[in-house]
Amino acid sequence: MKISPLKLLSFLTLVYLAFTQCGQNEVQSNKSSTILEMKRATDHHSYSRPEESVVKHLNWNASVDFSTRVISATATYDIESSDNAERIILDCVDLNILEVFVDGEAVNWELGPVAPFIGQPLSIPIKASSKQISVSYESSPEAGALLWVEGENPFLFTQSQAILARTWVPCQDSPGVRFTYEAHLDVPVGTMALMSAVNPTEQTSDGHYDFVMDQPIPSYLLALAVGNVEFRPIGEHTGVYAVPELIEAAEYEFSEMEDLLVAAEGLYGKYAWERYDLLVLPAAFPFGGMENPRLTFATPTIIAGDRSLVSLVAHELAHSWSGNLVTNATWDDFWLNEGFTVYFEQRIMEAVYGKEISEMLATLSYQGLVDEVDQIMDVNPDDTHLKLHLQNRDPDDGMTAIAYDKGYFFLRLLEETVGRDAFDAFLKAYFETHSFSVMDTDQFIAYLKENLLTNESLLNQVNMDAWIFGAGLPPNCPTVGSQRIERVDSVLSAWQAGTMPTESLPWNDWVYQERYRFLSNLNDDTSADRMKELDENWKISQTGNNEVLFAWLEQSIRSHYEPAYSRLEQFLVSIGRRKFLTPLYKAMKETNQSDMAMNIYTQARPSYHSVATGTMDELLGWEN
Ligand code: BES
Ligand code: ZN
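Residues numbered from 1 in each chain as written. Chains lettered and ligands numbered in written order. Predicted model: local features only at pLDDT ≥ 70, side-chain atom pairs only at ≥ 80, totals over all residues. Heavy atoms only, no water.

Caption draft 1: Local environment of the overall build of the protein chain. Looking only at helices and strands, the protein chain has 20 helices and 21 strands in total. Taking 624 residues into account, the globule formula puts the C-alpha radius of gyration at 25 Å, and the protein chain, at 25 Å, falls close to it. A principal-axis box enclosing the C-alpha atoms of the protein chain has dimensions of 80 × 65 × 60 Å. Taking all 624 residues of the protein chain together, 57% fall into the buried category. (Helix = DSSP H or I, 4+ residues; strand = E, 2+ residues; numbered from the N terminus. Rg over C-alpha atoms; globule rule 2.2 N^0.38 Å. Buried < 20%, exposed > 50% of the residue type's maximum accessible area, 1.4 Å probe, protein only.)

Okay, here's the thing in structure tokens:
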């Protein structure tokens, strides 16, 4: 069969259009395919074309309505454009665009076709000389970033990373675009509004709040929370916000925040964001923490009563350098944010709590990494590369132990190869030289070659390519060892073999990392009787440490230990942190207890954030 070049061309065009999901919608099919094509080279999760016209400053005027779950806003942007600019493009998802002005004049804007995950381009005609655009719009009650809690204690929070900022503000939603912002908000009287900006410490009587963030940030760090919270100072530059019922517990739990900040500055240079405060969110928050500038958002599940889970604060604080100052250029470069942050977190933990604690944490993360690498290798080995391949996928898929822990071990290898002093000097200079700018993997490699791995022998020792572009864990992965963890492992073997009675376990001498290691390594066929003994002796199901409780509940599912099931249900209905939900629902599914999983999920789902339901719907085959 002979195919004419013309037919071949139109066939290829069709395949291309089907693939990019554009052209099927009535508006501007040819334009938006050009947009998609152009973005492919840079950030494939944004339609924006900052090289044509870019947002420099956002002035956001908004009012927050709990009864309709709608934010109504006018966003005014100062822009800068190239000489031949014809339009500016903003990303949006599910936004109801009402009116658009350019330098005060109404214009004909266009919304392009909807593509999965990335939403729609909002295209606004401008001239090269245009200075300001303004968009009036409403968010959807289903906006992916937002979680609304209604009732007597209303609460609203956002989670913008990775590409959900566009569900509540039309923006150039690419980590490579930075802008300053101000905001003027009306929220219900009796609540305080907080943002990733200079924040109030008292509620206003009229529900009006003004914000300024005069340091440029990428859109994924735009954040808003509204609720009846109070503020307590911790140190000179640190403090906590929480609802009245939790404020005292939070003040106690996070009383070491200033020490962490001082330690971090001692390692890699001055803190750039003036204040470091932390907001305790409702338990539906889908993450442990989110590094919103000046105000980390955190899950209440790290309030253990004994300050044992502060490594999470060290992590979010570390992002104030790795991520917030030096930002991954695209989500394929996510390891530059998270791998560096885990490394920095570990160094803060070592500086403040000593090597014994930080090595225990490293040992646990090594175990988690090895398990996860095994799992991912079975599905898609390419997903174990540090440099990810997220085109046409949800960037959320990149949130695995690879970016975090493979990234950490790569940096640890660099440290071990050149020595700590040289590596610290390198990192400090890296943050200084690149602050308030973006970094992609190739740029980092070039910087590394120029400033650290400056000869063949060092390059060979490290074998960067294997780490960054290769699958699995390279053989030169640093080894970690913790005597305390080794002791737990031998106690566990003795207990499983029946040579150590349950009442002789050194449970009360163990810190949470040791308890977690013990529980998460129990055999799946541990009998109900033995689970019962553990709980009777050590009151595990009553622990205030949610990491330990989580490990206990997961093991209970795997051992079919039914007395723990009511605690399990209570946990899943009240907590929305995805890191806990996924393994628990997965364990039910894998042990033929899917009915229980579905029953609990049906109850719990309405209170989860979209980030969590996205994952759980897929895991459990939930159909809307
Ligand atoms: N920035 C991340 C959270 C994130 C990543 C949200 C990607 C959305 C997309 C945050 O710093 C983080 O890593 N949180 C961890 C805690 C940490 C101690 C590993 C979490 O929430 O589990
Ligand atoms: Zn992080």
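Caption draft 2: Focus on helix α7 (residues 355–379). Relative to the 36 Å expected for 25 residues at 1.5 Å per residue, α7 spans 36 Å between its end C-alpha atoms, a close match to the ideal helical length. What α7 keeps buried is the set I357, S358, E359, M360, L361, A362, T363, L364, S365, L369, V373 and I376. Those residues of α7 that are buried lie in contact with α5 (311–318), α6 (334–353), α8 (401–418), α13 (483–497) and α14 (512–520). (Expected span 1.5 Å × (residues − 1). Contact = heavy atoms within 4.5 Å.)

Caption draft 3: A look at the site of ligand 1. Within the structure, ligand 1 sits among 15 residues, and Q161, G288, E291, E316 and Y404 are positioned closest to it. Contacts to ligand 1 include E316, whose side-chain N or O atom sits 2.7 Å from an oxygen atom. For ligand 1, the protein covers 89% of the area, taking 520 Å² as the surface of the free molecule. Only β18 (289–290), α5 and α6 provide two or more residues apiece to the shell around ligand 1. Residue contributions to the shell around ligand 1 peak at three residues, all from α5. Tallied by class, the residues present in the shell around ligand 1 amount to six nonpolar, six polar and three charged. (Near = heavy atom within 4 Å. Polar contact = N/O pair within 3.5 Å; in protein donor to acceptor, adjacent residues only side chain to side chain. Areas by Shrake-Rupley, 256 points an atom, 1.4 Å probe, with all protein chains shown as cover. Nonpolar A, V, L, I, M, F, W, Y, C, P; charged D, E, K, R; others polar.)

Caption draft 4: Up close: the coordination of the zinc ion (ligand 2). The zinc ion (ligand 2) binds to the protein through H315 (NE2), H319 (NE2), E338 (OE) and E338 (OE); the donor distances cover 2.0 to 2.8 Å. In this structure, the zinc ion (ligand 2) is coordinated by six donor atoms arranged in irregular fashion, with angles at the metal of 52 to 158°. Positions of the donor residues of the zinc ion (ligand 2) along the chain correspond to the pattern H-x3-H-x18-E. Taken together, the residues H315 in helix α5 and E338 in helix α6 connect sequence positions 23 residues apart. E338 carries the same exposure label as H315, and that label is buried. (Donors = N, O, S within 2.8 Å, 3.2 Å for Na, K, Ca; no water. Tetrahedral: all angles 85-135°; square planar, octahedral: opposite > 155°, others 65-115°.)

Caption draft 5: Quick look at the environment of F287. In this fold, F287 is placed in the loop between β17 (276–280) and β18. Residues F287 and A298, spaced 11 residues apart in sequence, show a C-alpha to C-alpha distance of 7.5 Å. Once residues within four sequence positions are removed from consideration, F287 is found in contact with Q159, T299, M399, R577, R578 and V611.

Caption draft 6: Broad picture of the pattern of salt bridges. In this structure the tally under the stated criterion is 26 salt bridges. Here K387 ties to D333 by a salt bridge, and the two come within 3.4 Å at their closest N and O atoms. In this pair, K387 sits in the loop between α7 and α8 while D333 sits in the loop between β20 (326–328) and α6, placing the two residues 54 residues apart along the sequence. Residue E547 pairs with R577 through a salt bridge whose shortest N-O separation is 3.8 Å. Pair noted here: E547 is in helix α16 (residues 546–558) and R577 is in the loop between α17 (565–574) and α18 (578–590), with a separation of 30 residues, a long-range link. (Salt bridge = Lys/Arg side-chain N within 4 Å of Asp/Glu carboxyl O.)

Caption draft 7: The arrangement of the nonpolar core in detail. Counting residues in each nonpolar core, the largest one holds 207 residues, and the members touching the most others are W60, L224, F410, F518 and Y585. The element that contributes the greatest number of residues to this core is α8, accounting for 10 residues. Those residues in contact with F410, other than ones at most four positions away along the chain, are W335, L386, F444, L448, V462, M464, W467 and I468. (Core = buried A, V, L, I, M, F, W, Y, C linked by side-chain atoms within 4.5 Å.)

Caption draft 8: Representation of the sheet that holds strand β12 (residues 192–195). Strand order in this open sheet of four strands is β9-β10-β14-β12, and the pairing throughout is antiparallel. Of all the strands in the sheet, the pair left with one neighbour each is β9 (146–149) and β12. For this sheet the average axis-to-axis angle between neighbouring strands, irrespective of direction, equals 10°. With four bridges joining them, β9 and strand β10 (residues 155–158) adopt antiparallel strand pairing. (Pairing = 2+ DSSP bridges. Axes fitted to C-alpha atoms, helices over the stretch in contact; angles between N-to-C directions.)

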